[in-house]
Amino acid sequence: KDSVKVDFHQRVSKASAGPGQDPVTITNGSRMVQAKRAGYMEPTASTESTMDVKTIQYYLKALLGNYIFKANVEGTKNHHEFWGGENTTLPSWQGVITYDIAEKQLFGLICDTLKIEAKDDLATLSCDWIYADEQQRRIDEDDYTIKEIDGVIPLIGYDFNLEVAGKKPNAIISEFSL
């Protein structure tokens, strides 16, 4: 676990991760807490970010589990296909949340929920994760390079087309949440 191989880099507006361990309290009939024990540990994380063309594929694969990419469909377009299923094993990821002087490395990340919202402005996505283990390390300023993210194209509400039962709705859709 000394180094984490990441599949993609993304600047997020919010990120958090923790053990999710709520204490179990025992009151025995009175209002006064008489005993506390450590509860079941369920490590969880969450991220919020602007949705962009480069990283949305990773989030959809994390949520649904299956992904096929076909280049130059009909001579000009790339085709990305995602689907889930009852017997699908979700992929496990490794992630890093970087703070000012430290980073938290997360192992065994699995997407629990994904929310996509699009309006007239930038489209956003929020993801809740569960994970197996974590470790933290202090960032050595002399040995740390900030990863620059080139070519990011953020998605805006007008970039989306919506079809219901194979047909476009008769109404103008100004926002949606999925």
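Refer to the structure above for everything that follows.
Residues numbered from 1 in each chain as written. Predicted model: local features only at pLDDT ≥ 70, side-chain atom pairs only at ≥ 80, totals over all residues. Heavy atoms only, no water.

Topic: the nonpolar core
Ranked by size, the top nonpolar core spans 20 residues in total, and within it Met51, Leu106, Leu114, Leu125 and Trp129 carry the most contacts. Secondary-structure elements contributing two or more residues to this core are helix H1 (56-64), strand E7 (93-98), strand E8 (102-118) and strand E9 (124-130). Of the residues forming this core, the biggest block, six residues, is contributed by E8. Apart from residues lying up to four places away in sequence, Trp129 is in contact with Pro43, Thr44, Ala45, Ser46, Thr47, Tyr59, Ala62, Trp93, Leu109, Ile110, Cys111 and Asp112. (Core = buried A, V, L, I, M, F, W, Y, C linked by side-chain atoms within 4.5 Å. Buried < 20%, exposed > 50% of the residue type's maximum accessible area, 1.4 Å probe, protein only. Helix = DSSP H or I, 4+ residues; strand = E, 2+ residues; numbered from the N terminus. Contact = heavy atoms within 4.5 Å.)

Re the pairing of E9
Residues Leu125, Cys127 and Trp129 line the buried face of E9, whereas the alternating positions Thr124, Ser126, Asp128 and Ile130 sit on a face that is not buried. Judged from the seven bridges that link them, strand E4 (residues 44-50) and E9 form a sheet pairing that is antiparallel. Bridging from a neighbouring strand, Ser46 pairs with Asp128 of E9. The pairing of E8 with E9 spans seven bridges and is classified as antiparallel. Paired with Leu114 across the two strands is Cys127, which belongs to E9. (Pairing = 2+ DSSP bridges.)

What to know about the packing of aromatic side chains
Tallying each qualifying case throughout the model produces three aromatic pairs. Centroid distance Tyr59 to Trp129: 6.2 Å. Interplanar angle 50 degrees. Geometry classified as tilted. Residue Tyr59 is found in helix H1, and its partner Trp129 is found in strand E9; the two are separated by 70 residues along the sequence. Like Trp129, Tyr59 is buried. An angle of 20 degrees between the planes, with centres 4.7 Å apart, marks the rings of Tyr67 and Phe82 as stacked. Here Phe82 lies in strand E6 (residues 77-83) and Tyr67 lies in strand E5 (residues 66-73), a separation of 15 residues in the sequence. (Phe/Tyr/Trp six-rings, centres within 6.5 Å; stacked < 30°, edge-to-face > 60°.)

Notes on the state of the cysteines
By definition, a disulfide links two cysteine residues through a covalent bond between their sulfur atoms. Taken as a whole and judged by the stated rule, the model has zero disulfides. With no disulfide of its own, Cys111 has Cys127 as its nearest cysteine by sulfur position, at a separation of 3.4 Å. Judged by its relative accessible area of 0%, Cys127 is buried. (Disulfide = S-S within 2.5 Å.)

Considering the side chain of Lys104
Topologically, Lys104 is positioned in strand E8. Under the relative-accessibility criterion, Lys104 is labelled buried at 9%. When sequence neighbours within four positions are dropped, the list of residues in contact with Lys104 reads Ala17, Gly18, Gly95, Val96, Ile97, Tyr99, Glu134, Gln135 and Gln136.

A few points about a nonpolar patch on the surface
There is a patch of nonpolar side chains on the surface, built from Leu162, Val164 and Ile173 and spanning about 250 Å² of accessible area. Looking at where Leu162 falls in the secondary structure, it is placed in the loop between strand E10 (133-138) and strand E11 (176-177). (Patch = residues over 30% accessible without salt bridge, like charges linked within 9 Å, V, L, I, M, F, W, Y side chains within 5 Å. Areas by Shrake-Rupley, 256 points an atom, 1.4 Å probe, with all protein chains shown as cover. Salt bridge = Lys/Arg side-chain N within 4 Å of Asp/Glu carboxyl O.)

Things to note about the pattern of salt bridges
Following the criterion strictly, the structure yields three salt bridges and no others. Glu103 is paired through a salt bridge with Arg137; the nearest N and O atoms lie 2.7 Å apart. Here Glu103, found in strand E8, pairs with Arg137, found in strand E10; they are 34 residues apart in sequence, far enough to count as distant. With relative accessibility at 6%, the residue Glu103 sits in the buried group. Look at Arg137 and you get partly exposed, because its relative accessible area is 35%. Between Glu117 and Lys115 there is a salt bridge; the shortest N-O distance is 3.5 Å.

Some thoughts on a negative patch on the surface
Judged by side-chain charge, Glu42, Glu48, Asp112 and Asp128 come together as a negatively charged surface patch. Summarising the element assignment, Glu42 is placed in the loop between strand E3 (35-37) and E4. The exposure class of Glu42 is partly exposed, given its relative accessible area of 44%. (Lys, Arg positive; Asp, Glu negative; His and termini not counted. Charge placed at Lys NZ, Arg CZ, Asp CG, Glu CD.)

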